[in-house]
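Commentary on secondary and tertiary structure
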Amino acid sequence: QKEVEQNSGPLSVPEGAIASLNCTYSDRGSQSFFWYRQYSGKSPELIMFIYSNGDKEDGRFTAQLNKASQYVSLLIRDSQPSDSATYLCVGGTASKLTFGTGTRLQVTL
Amino acid sequence: DAMVIQNPRYQVTQFGKPVTLSCSQTLNHNVMYWYQQKSSQAPKLLFHYYDKDFNNEADTPDNFQSRRPNTSFCFLDIRSPGLGDAAMYLCATSRDRGGGGPQHFGDGTRLSIL
């Protein structure tokens, strides 16, 4: 069982819609979670991080964490074609980071 | 302003010819990481330094070595590159190890093996 699981996609959403990206994790020692966006051939870019249960909003992005369900999500409102990329979910314990395999998002015109 | 700088952006080497990739940072972070990423896969951690303390992942081949001469610089040495080592190599830094803070990635070096 992978420690951080994501649906590989592609997740296709129309421009202007809300994209919902989901991630589950198995290590209950995970304390912090990070979402990275990675365009093809480029390096990962930090989008959001969340440490506490609940929602955290930054512009069009909202990260949600539910530690009881071991579930993390990233919502992208008003999706734009420039949001088309792979989104990596990363879980962190005190000593290590574990990457999910990423979800490919396609925003269609 | 670039905070984690990798050089070169593209590197071509011959099968079996040693190659060195470099990474520098202006963030004064304690931790520096090297990842290998192949197409459509997640980054795979090779090793990291916490200050001068080197931490190798159990499944990192002996062919891969690293040096961190000071806080700002870290090098990845591939002693005898094979065709399977063609990949994007990513350097990242963070203030603390694990989930203590986000990682900041450089732009990566794409390595090709002839």
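Residues numbered from 1 in each chain as written. Chains lettered and ligands numbered in written order. Predicted model: local features only at pLDDT ≥ 70, side-chain atom pairs only at ≥ 80, totals over all residues. Heavy atoms only, no water.

Of regular secondary structure, chain B possesses zero helices and eleven strands. Put simply, chain B runs from its N terminus to its C terminus through helices and strands in the order β-β-β-β-β-β-β-β-β-β-β. Taking 114 residues into account, the globule formula puts the C-alpha radius of gyration at 13 Å, and chain B, at 13 Å, falls close to it. By principal-axis analysis of the C-alpha atoms, chain B measures approximately 40 × 35 × 30 Å. Counting across all 114 residues of chain B, residues that qualify as buried make up 49%. Within chain B, contacts between residues separated by at least 24 positions form 57% of all contacts whose residues are at least 6 apart in sequence. As displayed, chain B has an accessible area near 5600 Å², and 47% of this comes from carbon and sulfur atoms. Each charge class in chain B can be summarised by its mean position, and for the 11 positive and 10 negative side chains these summaries are 4 Å apart. (Helix = DSSP H or I, 4+ residues; strand = E, 2+ residues; numbered from the N terminus. Rg over C-alpha atoms; globule rule 2.2 N^0.38 Å. Buried < 20%, exposed > 50% of the residue type's maximum accessible area, 1.4 Å probe, protein only. Contact = heavy atoms within 4.5 Å. Areas by Shrake-Rupley, 256 points an atom, 1.4 Å probe, with all protein chains shown as cover. Lys, Arg positive; Asp, Glu negative; His and termini not counted. Charge placed at Lys NZ, Arg CZ, Asp CG, Glu CD.)

Turning next to the sheet that holds strand β1 (residues 4-7) of chain B. Residue and element names in this part refer to chain B. Taken in spatial order, the four strands of this open sheet run β1-β3-β8-β7, and their pairing is antiparallel. A strand with exactly one partner marks an edge of an open sheet, and here the two such strands are β1 and β7 (64-67). Each strand of the sheet is rotated relative to its neighbour by a mean of 20°, with strand direction disregarded. Bridging between β7 and strand β8 (residues 73-78) involves four bridges; their strand directions are antiparallel. (Pairing = 2+ DSSP bridges. Axes fitted to C-alpha atoms, helices over the stretch in contact; angles between N-to-C directions.)

Interfaces are often sized by the amount of accessible area the parts lose when they come together. On the side of chain B, 17 residues touch chain A, which itself brings 19 residues to the contact. Here chain A packs against chain B, burying approximately 1300 Å² in sum over the two surfaces, 59% of which is carbon and sulfur. Inspection of the chain A/chain B interface yields zero salt bridges. Taken together, chain A and chain B are joined by three residue pairs in polar contact (both at pLDDT 80 or more). Of all the secondary-structure elements, those providing two or more residues to the side of chain A that touches chain B are β4 (32-38), β9 (85-92) and β10 (97-99) of chain A. For the side of chain A that touches chain B, the element with the highest residue contribution is β4(A), accounting for four residues. In terms of residue class, the side of chain A that touches chain B is made up of nine nonpolar, nine polar and one charged. (Buried area = accessible area lost by both parts, 1.4 Å probe. Salt bridge = Lys/Arg side-chain N within 4 Å of Asp/Glu carboxyl O. Polar contact = N/O pair within 3.5 Å; in protein donor to acceptor, adjacent residues only side chain to side chain. Nonpolar A, V, L, I, M, F, W, Y, C, P; charged D, E, K, R; others polar.)

Moving on, we get to the side chain of Arg68(B). Residue and element names in this part refer to chain B. Tracing the sequence through the fold places Arg 68 in the loop between β7 and β8. For the buried Arg 68, which has no salt bridge, the nearest side chain bearing the opposite charge is Asp 51, at an N-O separation of 5.2 Å. There is a polar contact of 3.1 Å between the side chain of Arg 68 and the backbone oxygen of His 29. When near neighbours in sequence (up to four residues on either side) are disregarded, Arg 68 contacts Gln 25, His 29, Asn 30, Val 31, Met 32, Tyr 49, Tyr 50, Asp 51, Phe 73 and Cys 74.

With that out of the way, let us pick up the environment of Asp51(B). Residues and elements named next belong to chain B. Examined against the element boundaries, Asp 51 turns out to sit in the loop between β5 (44-50) and β6 (53-56). Under the relative-accessibility criterion, Asp 51 is labelled partly exposed at 41%. Put simply, Asp 51 and Asp 107 are 56 residues apart on the chain and 22 Å apart in space, counted from C-alpha to C-alpha. Residues within four places of Asp 51 in sequence aside, it is in contact with Asn 30 and Arg 68.

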